[in-house]
Every structure is written in structure tokens, then in C-alpha cells.
Amino acid sequence: MAGPTTDRRYSFFAAGLCLLLLSACGGSGHAPAPAPPSTKPPAASLERLEIGPAAPRIAAGTSLDLQATGLYDDGSRQTLSGGVTWQSDAPSVASVADDGRVTGLGTGQSRISASLD
């Protein structure tokens, strides 16, 4: 009779050891729950800037406010008010302020560009 009792003890010990190993490894015998889906869509990436109005003409001594619009890879557009750096390639003809206000200073052509900081 000693044989069957020993077998049962061995089975019980093996089952207890498996349970202990699963507990120590953090396993419960079930697959981990999948991560919940992100509720926030990925941020759209800026593809390019547009400056408007396009090809304006101003006289010396007058000013015009330009606007920078961001075009994004998801098809959206957004008027950008901050973080834009403006530059004139002919500052003696037209100056441009940090807010996009262009002032005509003399005769000629000037190309105004914008970049996002």
C-alpha cells in the first residue's frame, strides 16, 4: 500500500511546484490581456507651409499682413500664429516683422519666406 500513497504525494508535490513556479513568474495560466487601443490618434506631420496672400504687391510706405498656413499629412490645414520665422531676401525693398507684417521700403522685388521653428 505504500506505493499508491507515494504516487499521490508525488503528484500533489509536482502540481504544487507548478503552481509555485507560475506564481513566481507572474503567470496565471492565462495569456496577458492585450493593451487597450490608444484613444489619441498619432499627431499629424507638417508637410509644408503656405504663405498668403500669394504674390502680393505693395507700395513703399505701405504694409500687409501675411499668414503662414501649415499643411499636414492627414489633409488638415492650420493657420500658424506662433513659432514662425519670417525673412525677406531684399530687406532694403521690404522688411518683414516677427508677426508676418511686411512693409514696403523701396522699389524692387523681395521674396518673403517663412519657416517653422
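Look up a bit, the structure's there.
Here the structure is a predicted model, which means the values were calculated and not measured.

Visitor: Even after reading the chapter, I still don't get the overall build of the protein chain, so can you show me in this structure?
Guide: From N to C terminus, the protein chain includes one helix and eight strands. Starting at the N terminus and ending at the C terminus, the protein chain contains elements arranged as α-β-β-β-β-β-β-β-β. The proportion of buried residues among the 117 residues of the protein chain is 16%. Of the roughly 9200 Å² of accessible surface on the protein chain, 57% is carried by carbon and sulfur atoms.

Visitor: Looking at this structure, how should I read the pattern of salt bridges?
Guide: Applying the stated rule across the entire model yields three salt bridges. Across the salt bridge formed by R101 and D65, the nearest N and O atoms sit 2.7 Å from each other. Taken as a pair, R101 in strand β7 (residues 101-104) and D65 in strand β2 (residues 63-65) lie far apart in primary sequence, 36 residues in all. With a relative accessible area of 37%, R101 lands in the partly exposed category. Under the relative-accessibility criterion, D65 is labelled partly exposed at 48%. Through salt bridges with shared partners, a single network forms among R48, E50 and R77.

Visitor: Quick question: what am I supposed to make of the environment of D89 here?
Guide: Along the chain, D89 turns up in the loop between β5 (84-88) and β6 (94-96). In this structure D89 comes out as exposed when scored by relative accessible area, which is 52%. A C-alpha to C-alpha distance of 8.1 Å links D89 and S113, two positions 24 residues apart in sequence. One polar contact links D89 to S110, side chain to side chain, over a distance of 3.5 Å. A distance of 2.6 Å separates a polar side-chain atom of D89 from the backbone nitrogen of R111.

Visitor: What is the right way to look at unusual backbone geometry in this model?
Guide: Excluding glycine, most residues fall at negative phi; most peptide bonds, likewise, are trans. Look at the link from G52 to P53: it is a cis peptide, with omega at 0°. Mapped onto the elements, P53 comes out in the loop between β1 (46-52) and β2. Positioned with a positive phi, A55 is a non-glycine residue whose angle comes to about 45°. Here A55 shows up in the loop between β1 and β2. Of the residues examined, A55 reaches a relative accessible area of 74% and is grouped as exposed.

Visitor: Please explain the sheet that holds β7 as it appears in this structure.
Guide: Remark on secondary structure: sheet strands pair via backbone hydrogen bonds, oriented parallel or antiparallel. Taken together, three strands build an open sheet; the order of strands is β2-β7-β6 and the sheet is antiparallel. Edge positions in the sheet fall to β2 and β6, since each has one partner strand and no second. Within this sheet the neighbouring strands show an average axis-to-axis angle of 20°, counted without direction. In the sheet, β2 pairs with β7 via three bridges, with the strands oriented antiparallel. Its bridge partner being in β7, S63 is matched across the sheet by T103.

Conventions adopted
Residues numbered from 1 in each chain as written. Predicted model: local features only at pLDDT ≥ 70, side-chain atom pairs only at ≥ 80, totals over all residues. Heavy atoms only, no water. Helix = DSSP H or I, 4+ residues; strand = E, 2+ residues; numbered from the N terminus. Buried < 20%, exposed > 50% of the residue type's maximum accessible area, 1.4 Å probe, protein only. Areas by Shrake-Rupley, 256 points an atom, 1.4 Å probe, with all protein chains shown as cover. Salt bridge = Lys/Arg side-chain N within 4 Å of Asp/Glu carboxyl O. Polar contact = N/O pair within 3.5 Å; in protein donor to acceptor, adjacent residues only side chain to side chain. Pairing = 2+ DSSP bridges. Axes fitted to C-alpha atoms, helices over the stretch in contact; angles between N-to-C directions.

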